[in-house]
Amino acid sequence: MESLVKFVQDEFVTRKEFAEFAAGDTITVYYEIKEGEKVRTQFFRGVVIQRRGVAASETFTIRKMSGTVGVERIFPVNLPSIQKIEVNKRGKVRRARIFYFRGLTGKKARITEKRR
């Protein structure tokens, strides 16, 4: 049964091609918002906390600070309203899911940039 589901996802679900990113990277996600009949583009810039799932059910979580309040947003990778994803900085972290980042403030909340 699982192989049938995987086959359908591979064949019929359209995947968008975005830049590669991982936990610790700072990215900007541009997505469409529909307000009545109007459609506008909004962006969400923050640090990727995690990527989870595979193929069609893959999601990623972004965290940003809005004033003194932390805001997290979960995006499915195959969300039709996502226009593009820009990688602003590549972060150097040791874990795939950096939930400890939620408890850090100030200078401790900095992620060192990966050297190329």
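As the structure is a prediction and not an experimental result, all values here were calculated from the model.

Chemist: For the overall build of the protein, give the residues involved together with the corresponding values.
Modeler: Each helix and strand counted, the protein has one helix and five strands in total. Order of helices (α) and strands (β) in the protein, N terminus to C terminus: α-β-β-β-β-β. Reported as C-alpha extents along the three principal axes, the dimensions of the protein are approximately 45 × 40 × 25 Å. Taking all 116 residues of the protein together, 28% fall into the buried category. When contacts within the protein are restricted to residue pairs at least 6 apart in sequence, long-range pairs at least 24 apart make up 51% of them. As displayed, the protein has an accessible area near 8,600 Å², and 52% of this comes from carbon and sulfur atoms. Treating the 26 positive side-chain charges of the protein as one cloud and the 13 negative ones as another, the clouds have centres 12 Å apart.

Chemist: Break down the pattern of salt bridges for me, with residues and values.
Modeler: In the structure shown here, the tally under the stated rule is six salt bridges. The residue Glu58 makes a salt bridge to Arg51 at a minimum N-O spacing of 2.7 Å. By relative accessible area, which is 12% here, Glu58 ends up buried. The partner of Glu72 in a salt bridge is Arg63, with the nearest N and O atoms 3.1 Å apart. Relative accessible area serves as the criterion here: at 14%, Arg63 is assigned to the buried category. By sharing partners, the salt bridges in this structure join Arg63, Glu72 and Arg102 into a single network.

Chemist: Break down the packing of aromatic side chains for me, with residues and values.
Modeler: All told, the structure shown has five aromatic pairs when counted by the stated rule. Pairing Tyr30 with Phe43 gives two aromatic rings, centres 5.9 Å apart and planes at 45 degrees, and the pair type is tilted. Of the two residues, Tyr30 is situated in strand 1 (residues 26–35) and Phe43 in strand 2 (residues 38–52); the sequence distance between them amounts to 13 residues. Look at Tyr30 and you get buried, because its relative accessible area is 18%. Given the relative accessible area of 44%, Phe43 is considered partly exposed. Site record: aromatic cluster; members linked through ring pairs are Phe21, Tyr31, Phe44, Phe60 and Phe75. Over the aromatic face of Phe21 sits the side chain of Arg51, whose NZ or CZ is 4.3 Å from the ring centroid. A cation sits over an aromatic face here: Lys84 above Tyr30, 4.9 Å from the ring centre.

Chemist: If you had to explain the pairing of strand 2 to someone new, which residues and values would you point to?
Modeler: Across 10 bridges, the pairing between strand 1 and strand 2 is antiparallel. Bridge pairing links Val29 to Phe44 in strand 2. Connecting the antiparallel pair strand 1 and strand 2 is a turn made up of two residues, with Gly36 showing a positive phi of about 70 degrees. Pairing of strand 2 with strand 3 (residues 59–66), which is carried by five bridges, proceeds in the antiparallel orientation.

Thresholds applied
- Residues numbered from 1 in each chain as written.
- Predicted model: local features only at pLDDT ≥ 70, side-chain atom pairs only at ≥ 80, totals over all residues.
- Heavy atoms only, no water.
- Helix = DSSP H or I, 4+ residues; strand = E, 2+ residues; numbered from the N terminus.
- Buried < 20%, exposed > 50% of the residue type's maximum accessible area, 1.4 Å probe, protein only.
- Contact = heavy atoms within 4.5 Å.
- Areas by Shrake-Rupley, 256 points an atom, 1.4 Å probe, with all protein chains shown as cover.
- Lys, Arg positive; Asp, Glu negative; His and termini not counted.
- Charge placed at Lys NZ, Arg CZ, Asp CG, Glu CD.
- Salt bridge = Lys/Arg side-chain N within 4 Å of Asp/Glu carboxyl O.
- Phe/Tyr/Trp six-rings, centres within 6.5 Å; stacked < 30°, edge-to-face > 60°.
- Lys NZ or Arg CZ within 6 Å of the ring centre and 35° of its normal.
- Pairing = 2+ DSSP bridges.

Don't take any of this as a statement about function, it's just geometry.
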